[in-house]
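Structural features, examined
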Amino acid sequence: MSLEKLINNCKQGNRRAQEELYRKYSGVLFGMCLKYSRNKTEAEDSLHDSFMTIFDKIDQFTNKGSFEGWMKRITVNTVLQKYRKEQHLNVVSENMGDEEVSIESEHLDNINLSTLLNYIQELPNKYRLTFNLYVLDGYSHKEISELLGTSTGTSKSNLARAKMILKEKIEKENISIA
């Protein structure tokens, strides 16, 4: 079934089409949920909530632009909304300026992807969300500040802190490997 037909069937409430859409995109969207969540269970909850929103708002998709991009935007917003409701995002105004924290590439060569993902998931919520939005998804600090309800300065500061924490964890990992 073509994507357009699948979307139209979902708009009509067809359960089989919804199931097919879920099977087709759940892996990609789960990956997004996982990178914004603290653990697998939280990511699974976010994936479920995201698909509920997708099916509820699928009539709003007008076939302009990428359908997958539209679903990813809903998924990110669903996860962020969850954090806002639970008040996990405490606004802090830590201005570190535009300090750039870099992680040496030789440190990254010795760490596996699963360990790095765990380190990212261990970051405090405000740092993890900012890091993922900026580094992994390419949002600007202005867009992040709008999504998280903070200032652009706070977004920059949170990114710098996230990088600093990750750098310390990676360096500690490399010391224990050597």
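Notes on the structure follow. (Residues numbered from 1 in each chain as written. Predicted model: local features only at pLDDT ≥ 70, side-chain atom pairs only at ≥ 80, totals over all residues. Heavy atoms only, no water.)

On to the pattern of salt bridges, then. All chains considered together, the criterion is met by seven salt bridges. With a closest N to O distance of 3.4 Å, K72 and E68 form a salt bridge. Of this pair, K72 and E68 both sit in helix α4 (residues 67-85), four residues apart, which is roughly one turn of that helix. By relative accessible area, which is 30% here, K72 ends up partly exposed. (Salt bridge = Lys/Arg side-chain N within 4 Å of Asp/Glu carboxyl O. Helix = DSSP H or I, 4+ residues; strand = E, 2+ residues; numbered from the N terminus. Buried < 20%, exposed > 50% of the residue type's maximum accessible area, 1.4 Å probe, protein only.)

Any two aromatic rings considered together are summarised by their centre-to-centre distance and by the angle between their planes. Tallied over the entire structure, the rule returns six aromatic pairs. Pairwise contacts between aromatic rings join Y25, F61, F67 and W70 into one cluster. (Phe/Tyr/Trp six-rings, centres within 6.5 Å; stacked < 30°, edge-to-face > 60°.)

Among the nonpolar cores identified, the biggest contains 33 residues, and L21, L29, I54, F67, W70, M71 and L133 are the most heavily contacted of them. Where this core is concerned, the elements lending two or more residues are α1 (3-11), α2 (15-36), α3 (40-57), α4, α7 (125-136) and α8 (141-148). The element best represented in this core is α2, accounting for nine residues. If we ignore the near neighbours within four places in the chain, the residues touching L29 are L47, F51, I54, M71, K72 and T75. Membership of the second largest hydrophobic core comes to nine residues, among which are Y119, F131, A162 and L166. (Core = buried A, V, L, I, M, F, W, Y, C linked by side-chain atoms within 4.5 Å. Contact = heavy atoms within 4.5 Å.)

Relative to the assigned elements, D137 resides in the loop between α7 and α8. Classification of D137 by relative accessible area gives partly exposed; the value is 26%. Sequence separation between D137 and M32 is 105 residues; the distance between their C-alpha atoms is 9.4 Å. Not counting residues within four places of it along the chain, the set of residues in contact with D137 comprises M32, K35, Y36 and N132.

With that settled, consider the packing of α1 against α2. Here α1 crosses α2 at 130 degrees, and the two axes come no closer than 8 Å. On the basis of their axis angle, the class for α1 and α2 is oblique. In the packing of α1 onto α2, the handedness of the crossing is left-handed. Residue-level contacts link L3, L6, N9 and C10 of α1 to A17, Q18, E20, L21, K24 and Y25 of α2. Its residues assigned to classes, the contact of α1 with α2 comprises six nonpolar, two polar and two charged. (Axes fitted to C-alpha atoms, helices over the stretch in contact; angles between N-to-C directions. Parallel < 35°, antiparallel > 145°, perpendicular 65-115°, else oblique. Left-handed = near helix turned anticlockwise from the far one by under 90°. Nonpolar A, V, L, I, M, F, W, Y, C, P; charged D, E, K, R; others polar.)

Of note, H141 is situated in helix α8. For H141, a relative accessible area of 13% puts it in the buried group. A polar side-chain atom of H141 sits 2.8 Å from a polar atom in the side chain of S155. Discounting residues that sit within four places of it in the chain, H141 has contacts with Y134, T152, S155, K156 and L159. (Polar contact = N/O pair within 3.5 Å; in protein donor to acceptor, adjacent residues only side chain to side chain.)

Any link to function would need more than the numbers given here.
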